[in-house]
Amino acid sequence: MLLRLLGTAAGGGLPQWNCACPGCSGARRFPTRRRLHDGLAVHGPQPDTWFLANATPDIAEQLETHSVLRPAAGAVRTPVVRVVLTDAELDHTLGLLRLREASRIEVWCTKPVREALSTRLPLSEILAPYTELAWHDLPLTRHAEPADVAGLQVSALPLSAKRPRYAADEPADPTWSVALKVHDPSSDRSALYAPALASWSECLEEEIAAADCVVVDGTFLDEDEPRCHGISQRTASGMGHLPIFGPTGTAHRLSKTGTHTYYTHLNNTNPLVEPGDDAHEQLADLGLRVAQDRMVIHL
Ligand code: MLT
Ligand code: MN
Ligand code: ZN
């Protein structure tokens, strides 16, 4: 299995079009600091088989950046695209609209996510005249057989009832936001992808410890970051993203598991978007890393 990091930024990207915070200004000055919206391409054991974990507003550029994700020479078009969703957030789903040139889009997601994307953000209806949208249930880890997607076993670990703001009045359900567990039966290696960690649980910790690699929520460095930057009155946890450091932070917990960890979904306020920030060294001391766009993880 191979994970291709298509992007590593939270909603808005880096730089965000309407922002001139130090992170966004730095990314305008130094283009190597730019980050696209977070998402992965996950390659299975067979050649040319892959699926997308989330479909970001940057998806067309993201696919174009990786030669192996472009249509093969001689093949006219990529006919079918497979997408597995962690949630129904706009930064993870708007790319479905950009994929409308496909003959078919196969989507795996949990029930509330499918419901939101069929009613509140009616993608099925909007995309129907353009392409076929084929929905599949994403089985829950430890409760059902995983789905076979591109030769990989994929399931969802329920994380929280964090739902998109456009569907905030929908009923709470722990499968609104999930971690994707991907297991490669040919190598017996597994990865966990969780761009929105709203809370920590024993079950999550066990799954992280059992995985060979995790790509997880690094939206905010500290609990007070959203308030300090004036982007929200809520704390990081209150926004559905456990911070990296502090009493509620994920760093010390992840470090204890000993699993290879990459932080993704960085908000533009996160000091880690600046390569020289001291926080990189603090993370390195704990054996943790920040994911970079276009990074490839071989498992
Ligand atoms: C999130 O990760 O909390 C959401 O994507 C925020 C947003 O709507 O941009
Ligand atoms: Mn997001
Ligand atoms: Zn900014």
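Remember, predicted model here, so these are calculated numbers, not experimental data.

Considerations on the coordination of the manganese ion (ligand 2)
So, point 1. For the manganese ion (ligand 2), the protein coordination sphere consists of Asp91 (OD) and His265 (NE2), at 2.1 to 2.3 Å. Here His265 lies in the loop between strand S12 (260-264) and helix H10 (279-285) and Asp91 lies in helix H3 (residues 90-93), a separation of 174 residues in the sequence. His265 matches Asp91 in its accessibility class, with the two residues each being buried.

Observations regarding the coordination of the zinc ion (ligand 3)
So, point 1. Surrounding the zinc ion (ligand 3) are the protein donor atoms Cys19 (SG), Cys21 (SG) and Cys24 (SG), at 2.2 to 2.3 Å.
So, point 2. Going along the chain, you hit the donors of the zinc ion (ligand 3) in the pattern C-x1-C-x2-C.
So, point 3. What makes Cys21 buried here is its relative accessible area of 11%.

Comments concerning the packing of aromatic side chains
Note on aromatic pairs: each is described by the distance of the centres and the angle between the planes.
So, point 1. One pass over the structure, following the stated rule, counts 0 aromatic pairs.
So, point 2. The side chain of Arg100 reaches across the aromatic face of Tyr130, ending 5.7 Å from its centre.

Let's talk about the site of ligand 1
So, point 1. Near ligand 1 the following residues occur: Glu89, Asp91, Lys162, Arg165, His241 and His265.
So, point 2. Within the side chain of Lys162, an N or O atom sits 2.7 Å from an oxygen atom of ligand 1.
So, point 3. For ligand 1, an oxygen atom lies 2.8 Å from a polar atom in the side chain of His241.
So, point 4. Surface burial for ligand 1 is 74%, taken as the share of its 270 Å² of free accessible area covered by protein chains.
So, point 5. Residue composition of the shell around ligand 1, grouped by class: no nonpolar, 2 polar and 4 charged.

Structural notes on the sheet that holds strand S7 (residues 147-149)
So, point 1. Reading across from one edge, S7-S8-S9-S10-S11-S12-S13 is the order of the 7 strands in this open sheet, with mixed pairing throughout. If you trace the sheet from one side to the other, it starts and ends with S7 and strand S13 (289-290), each paired once.

Some points on the environment of Leu159
So, point 1. Checked against the element boundaries, Leu159 lands in strand S8 (residues 152-160).
So, point 2. When its relative accessible area of 12% is taken as the criterion, Leu159 is described as buried.
So, point 3. Sequence separation of Leu159 and Val178 is 19 residues, and the distance between their C-alpha atoms is 4.9 Å.
So, point 4. Excluding residues within four positions of it along the chain, Leu159 makes contact with Pro174, Ser177, Val178, Ala179, Ala194, Ala196, Leu197, Ser199 and Leu204.

Some details on the pairing of strand S4 (residues 80-84)
So, point 1. Note that strand S3 (residues 50-53) and S4 share 2 bridges and pair parallel. Across the sheet, Leu52 pairs through a bridge with Val83, a residue of S4.
So, point 2. After leaving S3, the chain enters helix H2 (residues 59-65) and then returns to the sheet as S4, a path that is right-handed.

Remarks on the pattern of salt bridges
So, point 1. With the rule as written, the count across this model stands at 12 salt bridges.
So, point 2. Between Glu61 and Arg98 there is a salt bridge; the shortest N-O distance is 2.7 Å. Taken together, the positions of Glu61 in helix H2 and Arg98 in helix H4 (residues 95-98) put the pair 37 residues apart, joining distant regions of the chain.
So, point 3. Looking at Glu61, the relative accessible area reads 40%, which means it is partly exposed.
So, point 4. The partly exposed category is assigned to Arg98, whose relative accessible area is 35%.
So, point 5. Beyond isolated ion pairs, a larger network of salt bridges with shared partners links Arg142, Lys181, Glu206 and Glu207.

Describing helix H1 (residues 22-29)
So, point 1. Restricting attention to buried positions, one finds in H1 the residues Gly23, Cys24, Gly26 and Ala27. Burial along H1 is one-sided: seen end-on, the buried residues are contained in an arc of 160 degrees. For H1, exposure combined with an orientation more than 90 degrees from the buried face picks out Pro22 and Arg29.

Remarks on the side chain of Thr269
So, point 1. Residue position: Thr269 is located in the loop between S12 and H10.
So, point 2. At 2.6 Å, the side chain of Thr269 forms a polar contact with the side chain of Glu225.
So, point 3. For Thr269, the side chain forms a polar contact with the side chain of Asn267, separated by 2.8 Å.
So, point 4. Apart from residues lying up to four places away in sequence, Thr269 is in contact with Phe220, Glu225, His229 and Ile231.

Things to note about the sheet that holds S3
So, point 1. As summarised here, the arrangement of the 7 strands in space is S6-S5-S4-S3-S2-S1-S14, forming an open sheet in which the pairing is mixed. In the strand order of this sheet, the two ends are held by strand S6 (132-137) and strand S14 (296-298), each with one partner. Each neighbouring strand pair of the sheet contributes to a mean axis angle of 25 degrees, computed without reference to strand direction.
So, point 2. With 4 bridges connecting them, strand S2 (residues 39-43) and S3 associate as antiparallel partners. Following the sheet pairing, Ala41 is matched in S3 by Leu52.

Analysis parameters
- Residues numbered from 1 in each chain as written.
- Chains lettered and ligands numbered in written order.
- Predicted model: local features only at pLDDT ≥ 70, side-chain atom pairs only at ≥ 80, totals over all residues.
- Heavy atoms only, no water.
- Donors = N, O, S within 2.8 Å, 3.2 Å for Na, K, Ca; no water.
- Helix = DSSP H or I, 4+ residues; strand = E, 2+ residues; numbered from the N terminus.
- Buried < 20%, exposed > 50% of the residue type's maximum accessible area, 1.4 Å probe, protein only.
- Phe/Tyr/Trp six-rings, centres within 6.5 Å; stacked < 30°, edge-to-face > 60°.
- Lys NZ or Arg CZ within 6 Å of the ring centre and 35° of its normal.
- Near = heavy atom within 4 Å.
- Polar contact = N/O pair within 3.5 Å; in protein donor to acceptor, adjacent residues only side chain to side chain.
- Areas by Shrake-Rupley, 256 points an atom, 1.4 Å probe, with all protein chains shown as cover.
- Nonpolar A, V, L, I, M, F, W, Y, C, P; charged D, E, K, R; others polar.
- Pairing = 2+ DSSP bridges.
- Contact = heavy atoms within 4.5 Å.
- Right-handed = clockwise from strand over helix to strand, strands pointing away.
- Salt bridge = Lys/Arg side-chain N within 4 Å of Asp/Glu carboxyl O.
- Arc of directions from axis to C-beta.
- Axes fitted to C-alpha atoms, helices over the stretch in contact; angles between N-to-C directions.

Honestly, that's just the spatial picture; any functional story needs more than this.
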